[in-house]
Amino acid sequence: MSERFFPDSMPSPMADMITLPWWQHAAEHRLMVQRCGDCGETRLPPSPLCAECRSDAAEWQEVSGRGEVYTFTTVHRPIAAGQPLPTLIAVISLEGSGGRRILSNLVGVEPERVEIGMPVELVWEDMSADLAIPRFRPVEG
Amino acid sequence: MSRRAHIVGVGESQYARWGKITDVPEHTLAVQAILRAVADAGLDMDDVDGLASFAEDRNEAVFLAAELGLPALRYASMVWLPGGGGGCAAVGNAAMAVETGQAEVVVVYRGLCQGQFFRFGTGGMDASAPVDPVTPTVNQAQTPMLASMGFSMPYGMLMAAAAYALPTRRHMHLYGTRPEALGQIAVTFREHASRNPRAVMGHKPMTLDDYLASPMIADPHRLFDCCLESDGACAVVVTTEERARDLKAGRVEILGSEQGTPKGYAFGPFTNANVADELYATGGCEEMAGRLWGKTGLGPADVDVAQIYDHFTGCVLMQIEDYGFCKRGEGGPFIESGALAWKTGSLPTNTHGGSLSEAYIHGLNHVVEGVRALRGESSSPVDGAEVCLVTSGACVPSSAVLLGRR
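Okay, so let's go over this structure. This is a predicted model, so every value here is computed, not measured.

### Quick look at the overall build of chain A
Check the secondary structure of chain A and you find one helix and eight strands. From first element to last, N terminus to C terminus, chain A shows the α and β order α-β-β-β-β-β-β-β-β. In terms of overall dimensions, chain A has C-alpha extents of about 45 × 30 × 25 Å along its principal axes. A buried classification covers 43% of the 141 residues belonging to chain A. A fraction of 54% describes how many contacts in chain A between residues 6 or more apart in sequence connect residues 24 or more apart.

Spelled out as structure tokens, the structure:
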């Protein structure tokens, strides 16, 4: 099991047929994005159709997990039992994802150090044997 | 004779802090609000043949129609938006119904008792109850909304104060918007509430220092950046100009209504990290605002008074820019100049105190106040006001109505 940052009580994601593969890849510690099989547009989060060319062809590609902070908030009230406070929630622009972003948490950083544009990298947190959540920490050096 | 849609009556139940109304169920509060609005219009309940609401209102129209003894329910609708963005859209639906002859008299209502169900601020979670992780499986998310929340909730993003902090933070980064601008919004609306007998916070004055000293909830949102959580209900009555002419109450014309969800927006920054870059630090209403001005032949300079949906202060600031009251990025200085203040400002806004200080009835109380403002019945009256802009929740799929009195 990975290093833990959050308690078991954090809400688990709910999936449907379209998004389940994303979570199955995550359980294997692979951050995968969909690319349109016709025009190459990145589809993140997964979707049934390319919103640009309306093709339903898609393939999965792994991305590096590097990115930068697009915006963030420091949360001082818990929604889950045992949630560590403050909790940093951020939007991360992902490298190699055609400008697409992902919502996540920042871990291993003091809130005062966080700024928009800060380079970050992926860190997986295993919540259970079948559920891993991608979180991010600053790139050191 | 014209079928142009007018609002002819407004009404509300008691407004109270969440959890304070324990002896009357939410749907009975909705019934009270509807009865008062119809009485205010000078109509009889037997005249009502339509009901419209929004935001997953628990109080289904068919049951209200039965309780109210309506002779026939010819029109009922619910706006397909989960958030508070649909209030003005519900008024727009009512207007379409009467203008097309689908109905003659439509009551738009919203009942909301957060104390009887759950406080929005908790995200529906119980932070005192430990739970175990759940493995994702197929068909777990029974709606696209829930599947989309799969990409926000594991990070603790279930609290609106945190969600709308994200675009506000980015606005501050891009344009140098100061916390004092957000504070000015909270302080101004509280001052307006001080004259409003319905306002839950009417007796609690607030200074900018009080605002800056209030606890941080989700940076940059302090406690006083966040709207109230309330128990209450309100309603407005929509009918045709032909019908309105015979009524005793002052009528207000619905000059135009619009709904708007920009490309790729879905539920906005709450669950969607991929709102387009040019839209991210906005209320997402600029396109819709352009259509509203275009169809009415009016513009921001024609607005005498505004009721702007204020779930969070930053969302007010970004809407002010969306609707063109100032340029993009200049909302901070515009607001810090005192523009939103009653009497002295160029754009007196939320003359009832808004959701920050009157009550949080999902913004339908802003439509009620828009009508009062044009009838000269507001507790903060704007002399000679002829045009009022009312908006619904921004940074989510939104809507707006432009009201007029000639």
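### Notes on the overall build of chain B
Looking only at helices and strands, chain B has 15 helices and 12 strands in total. Scaling as 2.2 N^0.38, a compact globule of 406 residues should have a C-alpha radius of gyration of about 22 Å, and chain B matches this with 20 Å. If you line up chain B on its principal axes, its C-alpha atoms span 55 × 50 × 40 Å. Looking at chain B residue by residue over its 406 residues, the buried ones come to 63%. Restricting the contact set of chain B to residue pairs at least 6 apart, pairs at least 24 apart contribute 80%.

### A closer look at the interface of chain B and chain A
Listed as interface residues are 44 residues of chain B and, on the opposing side, 45 residues of chain A. Of all the secondary structure elements, the ones that give two or more residues to the side of chain B that touches chain A are helix H4 (144–149), helix H6 (165–175) and strand E6 (216–218) of chain B. Element by element, the count of residues in the side of chain B that touches chain A is highest for H6 of chain B, at five residues. Residues belonging to the side of chain B that touches chain A are distributed by class as follows: 27 nonpolar, 13 polar and four charged.

### Topic: the packing of helix H1 (residues 26–41) of chain B against helix H2 (residues 61–68) of chain B
The packing of two helices is summarised by the inter-axis angle and the distance between the axes. Residue and element names in this part refer to chain B. Their axes nearest at 11 Å, the elements H1 and H2 cross at an angle of 65 degrees. Read as a crossing pair, H1 and H2 show a hand that is right-handed. Of the residues in H2, those in contact with His27, Ala30, Val31 and Ile34 of H1 are Leu64, Glu67 and Leu68. By residue class, the composition of the contact of H1 with H2 is five nonpolar, one polar and one charged.

### Side note on the pairing of strand E11 (residues 387–391) of chain B
Residues and elements named next belong to chain B. Of all five residues in E11, five are buried, a share of seventy percent or more. Every second residue of E11 is oriented toward a common face, with Val387, Leu389 and Thr391 on one face and Cys388 and Val390 on the other, all of them buried. In this sheet, E11 lies alongside strand E10 (residues 305–307) in parallel orientation, the contact comprising three bridges. For Gln307, the partnering residue across the bridge sits in E11 and is Val390. Both E11 and strand E12 (residues 398–404) contribute to a ladder of five bridges, which runs antiparallel. Bridge pairing in E12 links Val390 to Val401.

### Digging into the sheet that holds strand E2 (residues 42–43) of chain A
Within a sheet, adjacent strands bond to each other through the backbone by hydrogen bonds, running parallel or antiparallel. All names here are of chain A. Read from one edge to the other, the open sheet built from three strands follows the order E2-E1-E3, with strand pairing classed as antiparallel. Every interior strand has two partners, whereas the edge strands, E2 and strand E3 (58–62), have only one. Two strands pair when backbone bridges link them, and strand E1 (residues 32–36) and E3 are joined in this way by five bridges, in the antiparallel orientation. If you follow Met32 over to E3, its bridge partner there is Glu62.

### Digging into the environment of Asn365 of chain B
Residues and elements named next belong to chain B. Examined against the element boundaries, Asn365 turns out to sit in helix H15 (residues 364–375). Take Asn365: there are 31 C-beta atoms within 10 Å of it, and that puts it in the buried class. Each C-alpha atom of the pair Asn365 and Val10 lies 9.3 Å from the other, and the pair is 355 residues apart in sequence.

### As for unusual backbone geometry
A cis amide bond links Leu44 of chain A with the next residue in sequence, Pro45 of chain A, at an omega value of 0 degrees. Looking at the element boundaries, Pro45 of chain A is found in the loop between E2 and E3. Unusually for a residue other than glycine, Ala55 of chain B sits at a positive phi of about 55 degrees.

### Regarding H15 of chain B
Residue and element names in this part refer to chain B. Its 12 residues give H15 an end-to-end C-alpha distance of 17 Å, which sits within 8% of 16 Å, the value for a rise of 1.5 Å per residue. For H15, the tally of buried residues reaches 11 of 12 residues, placing the bulk of the element in the interior. Inspection of H15 places Leu364, Asn365, His366, Val367, Val368, Glu369, Gly370, Val371, Arg372, Ala373 and Leu374 among the buried residues, and these make up the whole buried set. At the C-terminal side of H15, Gly376 shows a positive phi close to 75 degrees.

### A few points about H1 of chain B
All names here are of chain B. Taking 1.5 Å per residue, 16 residues should reach 22 Å; H1 reaches 23 Å between its end C-alpha atoms and fits that length. All buried positions along H1 are accounted for by Glu26, Leu29, Ala30, Val31, Gln32, Ala33, Ile34, Ala37, Val38, Asp40 and Ala41. If you follow the buried residues of H1, they end up packed against strand E1 (5–12), H2, strand E5 (105–113) and strand E8 (230–240). Two residues or fewer after H1 comes Gly42, characterised by a positive phi angle close to 80 degrees.

### So, the pairing of strand E7 (residues 119–128) of chain A
Each regular strand displays side chains that alternate between the two surfaces of the sheet. Residues and elements named next belong to chain A. Bridge count between strand E4 (residues 66–75) and E7: three bridges; the pairing is antiparallel. Each bridged residue has a counterpart across the sheet, and for Gly67 the counterpart in E7 is Val120. The sheet contact formed by E7 and strand E8 (residues 131–138) spans eight bridges and is antiparallel. Bridged to Val120 within E8 is Pro138. Between the antiparallel neighbours E7 and E8 lie two residues.

About the cut-offs
Residues numbered from 1 in each chain as written. Chains lettered and ligands numbered in written order. Predicted model: local features only at pLDDT ≥ 70, side-chain atom pairs only at ≥ 80, totals over all residues. Helix = DSSP H or I, 4+ residues; strand = E, 2+ residues; numbered from the N terminus. Buried ≥ 20, exposed ≤ 12 C-beta atoms within 10 Å, placed from the backbone. Contact = placed C-beta atoms within 7 Å. Rg over C-alpha atoms; globule rule 2.2 N^0.38 Å. Nonpolar A, V, L, I, M, F, W, Y, C, P; charged D, E, K, R; others polar. Axes fitted to C-alpha atoms, helices over the stretch in contact; angles between N-to-C directions. Left-handed = near helix turned anticlockwise from the far one by under 90°. Pairing = 2+ DSSP bridges. Expected span 1.5 Å × (residues − 1).

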